[in-house]
Amino acid sequence: MQVTQWSEALSSWLMGLGLPGWAAIFLVYAVGSFILINYGMLSVLLLIWITRKAISRIQDRIGPNRVGKYGLLQTVADAAKLLSKEDITPYEADKIAYNLSPVLSVFGVLMLLAVIPFAPGLTGVDLNVAALYVVALGSIGIMAALMAGWGSNNKYALLAGFRVVAQLLSYEIPLVLAILTVVLLTGSMRFGQIVELQSLHIAGFNLGLGWLGIVMPGALIVFFVSSLAEAELTPFDLLEAESELIAGFHIEYSGMKFAMFFLAQFLNAWILAAVAVTLFLGGWQGPGVGLPVIGPLLGLGYFMIKVYGIYVLQQWIRGTFPRIRIDQMMYFAWKVLVPLMIGLIVAQAIIQKLPTPVAVQYVLIFIANVGVMAVVAYVLQKYFREEQMRTKRSFEPTSLIGSMQVSEKGTMY
Amino acid sequence: MQLPLGIEVPIPTFEQFVFIQVALLTAVAGLAVVISRNLFHSALALTLTFFGVAGVYVFLEAEFLAVSQVLVYVGAIAMLIAFAIMLTRSMMYGRTSPLNNQWGKSSLFAFLFFVALLAFARATPWPAAGEEVVADEALIGALGREFVTNYVIAFEVLGLLLLVALVGAVLLARDR
């Protein structure tokens, strides 16, 4: 049973009760968005728990284990604590920007849930420009961070606000280009259709393993790295670098407003994982989704497994990677990712115009992607080697040579 | 609906009702851009105006244009304006007056411009009403095809302009 049929059945039932057409449709959409938004809000409890447990294990700790089974209700207790905290408005804060910002940041993220295809037929709205919509609504999050940074009347928050714009706008470009490769290959920006095309039929049975990530691993990796930057996760968490900026643009926030920023951040990471799965890892596709009754349920299961898998991968990176400097961050976006994605798109456009069968084109695209990854790896390795040399040189005691002995190997006594 | 003085008030349909809300939001936000005393609030109101215009595009069933509007205007232009205001500190804290000694003349010209626009809008035969339009993804495809066929020169010149702007920015920001 498709969910679109459910909504049609519900709206026709409501019209049967004597409601005018527009009111029935309005009510059905209201119910749908109510369910979707509440799902998003409640799933954050689970996401925060996963993050805490994963990072605890990486750091050789146990993590929360007192409230509820396996500490599952720890976040509920934390939310109750945050609700009871005093709500502070800093001196001379810009009241409009300060109070609007947490609301906007959650709003921008929740709007994205509308286009995510959870299972066959289970999607809020199958927008014909969904791929672009995801990127466009990301700008609301940037605006919210900027408003928070400016409205708090705090110089650290303001500095973080500048960093937000620099980082998120820079990484939006490789993100869009990576999405563009998928749009170029599938010829559609509709998420439903992109997922449909990733099936693999063998002898009439839908194996569901024609994932685009297999054909274009380079674009997948660029998308994943950019989404880490967009979600402000660890290698790119300059926005809340505790040692430099205290906590980023939300220093001055307390209580529920602070919680809203955190909710938006965790949900954003999850949604970007969901978009990565939809575009590159087949969405709800998997063995047996074409079956009549259990197919959609299987699809929902596959989708959730993939998305939470990516989410755990994000947390794994968060727990193990060091933070990069701001100049390295900008270097990586503009001098590595953007040129490579542009090269990849040009290569793919040429390959798709070649008079060869589709299978040959896929193989050629795969080869182009592997080439891209090789170039990224080469550039990074060369850059970090140079960087290492420069750091070593700057620590060499040039002015104190007389007072210190330097061995032949370069180590100091 | 009949009002006491015999004035006929048409009841709006649901779509008209939502459209009135979007249009009001756009107009009020546009007014706030001009009359706000705080320059940063003007920038925020401008963002809201851009959203309102995107909403109007949605009513015209041009989702692609609406999303592009949000992507380009909210995501880039409004952000840059806010950024520029934040970097100019004296403007940021000083409560500047929205009026200067030319407000009388400029409001006159603004009114004349509005009259001219109204005249053009009434004179133009709009093709939209009741006609079959290219919808959905075919629209995006048709748009792309127009860009590389009929409007290819404009498209290329715009690309060149952006390139020049980019090179200029790099030149200005370069260490010497």
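The paragraphs below set out a description of the structure included in this document. (Residues numbered from 1 in each chain as written. Chains lettered and ligands numbered in written order. Predicted model: local features only at pLDDT ≥ 70, side-chain atom pairs only at ≥ 80, totals over all residues. Heavy atoms only, no water.)

Glancing now at the overall build of chain A. Check the secondary structure of chain A and you find 14 helices and four strands. Put simply, chain A has 413 residues, and 48% of those count as buried. Across chain A, contacts joining residues at least 24 apart in sequence account for 75% of those joining residues at least 6 apart. Here chain A has roughly 20,200 Å² of accessible surface; of this, 70% comes from carbon and sulfur atoms. (Helix = DSSP H or I, 4+ residues; strand = E, 2+ residues; numbered from the N terminus. Buried < 20%, exposed > 50% of the residue type's maximum accessible area, 1.4 Å probe, protein only. Contact = heavy atoms within 4.5 Å. Areas by Shrake-Rupley, 256 points an atom, 1.4 Å probe, with all protein chains shown as cover.)

This part is about the nonpolar core. The biggest cluster of nonpolar side chains holds 101 residues, and the ones touching the most others in it are Phe191(A), Phe223(A), Trp270(A), Ile271(A), Leu279(A) and Phe303(A). Leave out the neighbours within four places in its chain, and Phe303(A) touches Ile116(A), Pro117(A), Phe118(A), Ala274(A), Val277(A), Thr278(A), Gly283(A) and Trp284(A). (Core = buried A, V, L, I, M, F, W, Y, C linked by side-chain atoms within 4.5 Å.)

Turning our eyes to something else, we now look at the pattern of salt bridges. All names here are of chain A. Across all of its chains, the model carries two salt bridges over all chains by this definition. In this structure, Asp 78 engages Arg 52 in a salt bridge whose closest nitrogen and oxygen atoms are separated by 2.6 Å. Linking Asp 78 in helix H3 (residues 74–83) with Arg 52 in helix H2 (residues 21–58), this pair joins segments that are 26 residues apart in sequence. Look at Arg 52 and you get partly exposed, because its relative accessible area is 30%. For Lys 257, the salt bridge is made with Asp 87, and the minimal N-O distance between the two is 3.3 Å. Of this pair, Lys 257 sits in helix H11 (residues 255–280) while Asp 87 is found in the loop between H3 and helix H4 (95–112), placing the two residues 170 residues apart along the sequence. (Salt bridge = Lys/Arg side-chain N within 4 Å of Asp/Glu carboxyl O.)

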